[in-house]
Amino acid sequence: MSSSATPRQILLALKAELISLSEAADLDRKPVELDQQSVGRLSRMDSIQVQAMANAAEARRATEIRRIDAALIRVEDDEYGWCVACGDAIEPKRLDVDPAAPRCAECA
């Protein structure tokens, strides 16, 4: 974590980035047209694969946003940086790598 940025600021920036990525990929998640006149079979298969990958990426982003929201609640409750499982402090290096980490390395 940057010494000048608070955990809340870092988490909010990460969340904003994920939301921006989600909005940018919105077109890739739209249903694939089945009209063979406008798109060939292989192009349609490629489109379906792109759609599946975009949906999987969106699911990962949604999971990460939920983790960030939970971390923001811990920040507000003055519980950020403490393991939700054992109550011990989470190592700062772990939070540098994953600011939304809810558990210490031992409990993870």
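Because the structure is a prediction, the values reported are computed rather than measured. (Residues numbered from 1 in each chain as written. Predicted model: local features only at pLDDT ≥ 70, side-chain atom pairs only at ≥ 80, totals over all residues. Heavy atoms only, no water.)

Caption draft 1: Up close: the pattern of salt bridges. Scanning the entire structure with this criterion turns up 5 salt bridges. A salt bridge links Arg8 to Glu76; its shortest N-O distance comes to 3.2 Å. Of this pair, Arg8 sits in helix H1 (residues 7–24) while Glu76 is found in helix H2 (residues 41–76), placing the two residues 68 residues apart along the sequence. Classification of Arg8 by relative accessible area gives partly exposed; the value is 42%. What makes Glu76 exposed here is its relative accessible area of 53%. Ionic pairing is found between Arg61 and Glu58, a salt bridge with its closest N-O pair at 3.1 Å. A residue pair is termed a helical-turn pair when its members lie 3 or 4 positions apart in one helix, as Arg61 and Glu58 do in helix H2 at 3 residues. Accessibility expressed as a relative area gives 12% for Arg61, which makes it buried. (Salt bridge = Lys/Arg side-chain N within 4 Å of Asp/Glu carboxyl O. Helix = DSSP H or I, 4+ residues; strand = E, 2+ residues; numbered from the N terminus. Buried < 20%, exposed > 50% of the residue type's maximum accessible area, 1.4 Å probe, protein only.)

Caption draft 2: Highlighting the environment of Ala105. Residue placement: Ala105 occurs in the segment after helix H3 (92–97). Classification of Ala105 as exposed rests on a relative accessible area of 52%. Each C-alpha atom of the pair Ala105 and Glu91 lies 7.8 Å from the other, and the pair is 14 residues apart in sequence.

Remember that the coordinates give geometry; whether it matters functionally is a separate question.
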